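This is what each chain is made of:
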Amino acid sequence: MRDITTNAGYSEPAKPSVFRLLWACALGISFALSVFASFRGGYIGPDYYTHFERLTEWSKIFDFSTTNPPIYYLLGHGLFLLIGSNNAFPITLSIAQAAINTVALWWFVRYAERCFNSPLIHLALVFFLAFLPVRIIHATTIGTDSTTIPLFVLLLFLFDRVLSDEGSTLKNAGVLGFGLALAVWTKYSFMALIPASFLLLISISAQRGWNSKRFFATCALSLILPSVVAVHSFWASSRLHGYNTEKHWLAKGEGPDMDYRDLFSVKPNDVQLFHAPEYFRKEILAPHRHSYLGLVHLGVFTDTMNLFQVPPVGKDLVSVWYPDDKTRRPWKTPIMQASMLLGILWTLLVLVGVPWSLFRAFGNLLKEKLEREDVAAILGTALFLVIFLPIPFVSRGALFGFWTPRLILPALLCFFLAAFLLVDKKIARNSERVAYLVVLLVTVQCTIEAVMLS
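Everything numeric here is computed off the predicted structure, so don't read it as measured data. (Residues numbered from 1 in each chain as written. Predicted model: local features only at pLDDT ≥ 70, side-chain atom pairs only at ≥ 80, totals over all residues. Heavy atoms only, no water.)

1. Some thoughts on the nonpolar core
As a reminder, the rule being used: For this analysis, a nonpolar core means a set of buried residues of the types Ala, Val, Leu, Ile, Met, Phe, Trp, Tyr and Cys, connected via side-chain atoms within 4.5 Å. Burial classification: accessible surface area is computed with a 1.4 Å probe over protein chains only, and a residue below 20% of its type maximum counts as buried, one above 50% as exposed, and the rest as partly exposed. In this description, contact between two residues means that some pair of their heavy atoms is separated by no more than 4.5 Å.
By size, the foremost hydrophobic cluster in this structure holds 129 residues, and its most contacted members are Tyr292, Phe416 and Phe420. Non-local contacts of phenylalanine 416, meaning those with residues more than four positions away in its chain, are made with Leu125, Phe128, Leu129, Leu132, Val300, Phe301, Trp346 and Val350.

What follows is the structure in structure tokens.
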């Protein structure tokens, strides 16, 4: 692996302690934004009352007819029993989620640190991810989306142990299998990592020169438990006519309201998204009106659902209110528009960086020379595709928000990692001037986003 202190072409060697202090400051400020939002109702997000019922009622925790598995609700129910039915429960849960996500992001940027030649460009990535609106918002709002980044980072490090061959490989494989099973029973989309993991294990086996007995033992320990959990979840859902096996999908004779043309193109109407429209006014939910790319760009760089905006006056936990009860101050809309406009740069870098990173990853996979960034690219893409490709087969995909970027949070981390690695290795090419320019642009982006979310 590369040494973070090796920075040929830069005037001074990297000082990890200084950079990590800057990481801590950025992550501390973003965590403060989450805490502030929690106290003004930021914990109420999409499907809040569905999540709240399962958190507070024991009989609904293991309901496999719903869209999510039980682990998140089981742990949240323990906190509910400790605190009781008052506003302190969702606020505490929200702050705990934000704290766990902050720690997870710290470890993700530690994981990515070795991948960069320039510590300045890596610092820009840290700032960028720390203040990315969709990440901050959905780390704070109550729901299983808040678990995806911590679980993904955990799995990256578990894979890293298998890849580096530290200690007992079979022991590491067993821990990986347990972690993957835990992820699948927290968020069903992690099922996508089972075949992706098998692909990586084939390459690691060749890279380490394992014999067939060791390979099959490692695969069994890594994949059997999560596979059993996945199969059980589908079986339980089918018995209850659940979302996984029936309710999500198009009924006979029903056409999709978001098809592959919407997924793989851009549209003239996407220009309207740069006015930062509000999700719950349904201006952006009409069938085939906007492209997937345009909608995701809107969701990544703005608070389109107003989840961190002004809550209704005089309502608390015992009142019935929803995300669409929140209102946006008029001056916040131009801020969101500015965030989207500057965000075009980062989206374009993603569109170039992701194919480049995947090309490198599969090349290294075939050469049996996997690096950390290759593992992240393959696993992140798998989590993206399991959400992206089925959209034309789900019922009312546009209306029900199957395009919303909260569903692909781990993939977004990997996509932006690929974008900044592209800058580091191909655009900057050890140019300190370019590196400082990237830091400056990211700082402007983060400042806009902090104002938007405050």
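2. Regarding the environment of glycine 343
Spelled out, the test is: In this text, helices come from DSSP runs of H or I with a minimum length of four residues, and strands from runs of E with a minimum of two, each type numbered from the N-terminal end.
Looking at the element boundaries, glycine 343 is found in helix H14 (residues 332–367). Placed 59 residues apart in sequence, glycine 343 and isoleucine 284 show a C-alpha to C-alpha distance of 19 Å. Glycine 343 has contacts with His297, Phe301 and Gln445, leaving out every residue within four places of it along the chain.

3. Quick notes on unusual backbone geometry
A positive phi angle is found at aspartate 47, which is not glycine, with a value near 60 degrees. Looking at the secondary structure, you find aspartate 47 in the loop between helix H1 (16–38) and helix H2 (48–56). Positive phi, close to 60 degrees, is recorded for histidine 288, a residue that is not glycine. Along the chain, the position of histidine 288 falls in the loop between helix H12 (260–263) and helix H13 (292–301).

4. Some points on the confidence of the model for the protein
So the rule is basically this: On a scale of 0 to 100, pLDDT captures the predictor's confidence in every residue.
When pLDDT is averaged along the protein, the result is 90; 94% of the residues meet or exceed 70. Note on residues 1–13: pLDDT under 50 across the span, and 31 contacts to partners over four residues away in sequence or across chains.

5. What about the packing of helix H4 (residues 88–113) against helix H5 (residues 119–130)?
What counts here: Simply put, an axis is a line fit to the C-alpha atoms, just over the touching stretch for a helix, and the angle between two N-to-C directions goes from 0 to 180 degrees. Note on angle classes: values under 35 degrees are labelled roughly parallel, values over 145 roughly antiparallel, values of 65 to 115 roughly perpendicular, and the remainder oblique. Crossings are classed by handedness, with left-handed meaning an anticlockwise turn of the near helix from the far one by less than a right angle and right-handed meaning a clockwise turn.
In the contact formed by H4 and H5, the axes pass within 11 Å of each other and the chain directions differ by 155 degrees. Comparing the axis directions of H4 and H5 gives the class roughly antiparallel. Note on packing geometry: the crossing formed by H4 with H5 is right-handed. In contact with Leu105, Phe108, Val109, Ala112 and Glu113 of H4, H5 contributes His122, Val126, Leu129 and Ala130.

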